[in-house]
Amino acid sequence: MPDPKYDKIEINGAEMKICLEFPKKYEAEEAIRQDVKSILSFALQEQLQKHNN
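Quick caveat, the model's predicted, so the values are computed rather than measured.

Undergrad: Just checking my understanding: could you explain the pairing of strand S1 (residues 6-12) for this structure?
TA: The two faces of the sheet receive side chains in turn, since in a regular strand these alternate between them. With seven bridges connecting them, S1 and strand S2 (residues 17-23) associate as antiparallel partners. Across the sheet, the residue bridging to tyrosine 6 is proline 23, located in S2. Hairpin connection of S1 to S2: four residues between the antiparallel strands.

Undergrad: Is there a simple way to explain the environment of glutamine 49 in this structure?
TA: Along the chain, the position of glutamine 49 falls in helix H1 (residues 29-52). Glutamine 49 sits in the exposed class, given a relative accessible area of 54%. Put simply, glutamine 49 and glutamine 34 are 15 residues apart on the chain and 22 Å apart in space, counted from C-alpha to C-alpha.

So, how was this worked out
Residues numbered from 1 in each chain as written. Predicted model: local features only at pLDDT ≥ 70, side-chain atom pairs only at ≥ 80, totals over all residues. Heavy atoms only, no water. Pairing = 2+ DSSP bridges. Helix = DSSP H or I, 4+ residues; strand = E, 2+ residues; numbered from the N terminus. Buried < 20%, exposed > 50% of the residue type's maximum accessible area, 1.4 Å probe, protein only.

What follows is the structure in structure tokens.
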């Protein structure tokens with residue numbers, strides 16, 4: 001059951017799926033953007049390391 005406090009976005013790619021949940025009400029839009037960038041960057045680095053070993 002979805003959390004009523006969050007909006008969910010799902011993005012499907014050829015070989016991956018990304019799901020993000022955002023607070024419905026947030027004041028600091030730039031902080032949210034930075035969090036998303038950090039999370040995606042970390043996930044990408046982790047996957048690249050797994051596939052390069």
